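What the coordinates show
Each chain, written out:
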Amino acid sequence: RCEEEDVEMTEDAYAVLTRIGLETSLRYAMQLITAASLVARKRKGAEVGVEDIKRVYSLFLDESRSTQYMREYQEAFLFNELQGESMETP
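Looking at an unreviewed UniProt entry, the protein carries the name RuvB-like helicase, with the source organism given as Daphoenositta chrysoptera. For the record of the protein, the UniProt heading Catalytic activity (unreviewed entry) holds the text "ATP + H2O = ADP + phosphate + H(+)". Recorded under Sequence similarities (unreviewed entry), the UniProt text for the protein is reproduced unchanged: "Belongs to the RuvB family."

On to the side chain of Ser 37. Relative to the assigned elements, Ser 37 resides in helix 2 (residues 26–42). Sequence-distant contacts of Ser 37, defined by excluding residues within four places in its chain, comprise Val 7 and Val 48.

Another aspect to go through is the environment of Val 39. Assignment of secondary structure puts Val 39 in helix 2. A relative accessible area of 23% means that Val 39 is categorised as partly exposed. With near-sequence residues (within four places) excluded, Val 39 lies in contact with Asp 52, Arg 55 and Val 56.

Cut-offs applied
- Residues numbered from 1 in each chain as written.
- Predicted model: local features only at pLDDT ≥ 70, side-chain atom pairs only at ≥ 80, totals over all residues.
- Heavy atoms only, no water.
- UniProt positions renumbered as here; feature names shortened; annotations may be inferred.
- Helix = DSSP H or I, 4+ residues; strand = E, 2+ residues; numbered from the N terminus.
- Contact = heavy atoms within 4.5 Å.
- Buried < 20%, exposed > 50% of the residue type's maximum accessible area, 1.4 Å probe, protein only.

Dropping the structure here:
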């Protein structure tokens, strides 16, 4: 995927990205490549490093972390107020 997008990446960044892919999903890991490339470009880096991968990992949640977040903070969301009310309109 890095070849297709002309993204240069350090070996350590590949290792971190591979681990993320194994723990989450291949699709999620592949999407991080583009975002990490933009972060590296913004800091004027020649290649994507571990810090770039960590940065985008903290910004974009995978399905598992997103679900966990929703469960933890479900009381704060508007749809929680509607649980006691009927969703049908008269």
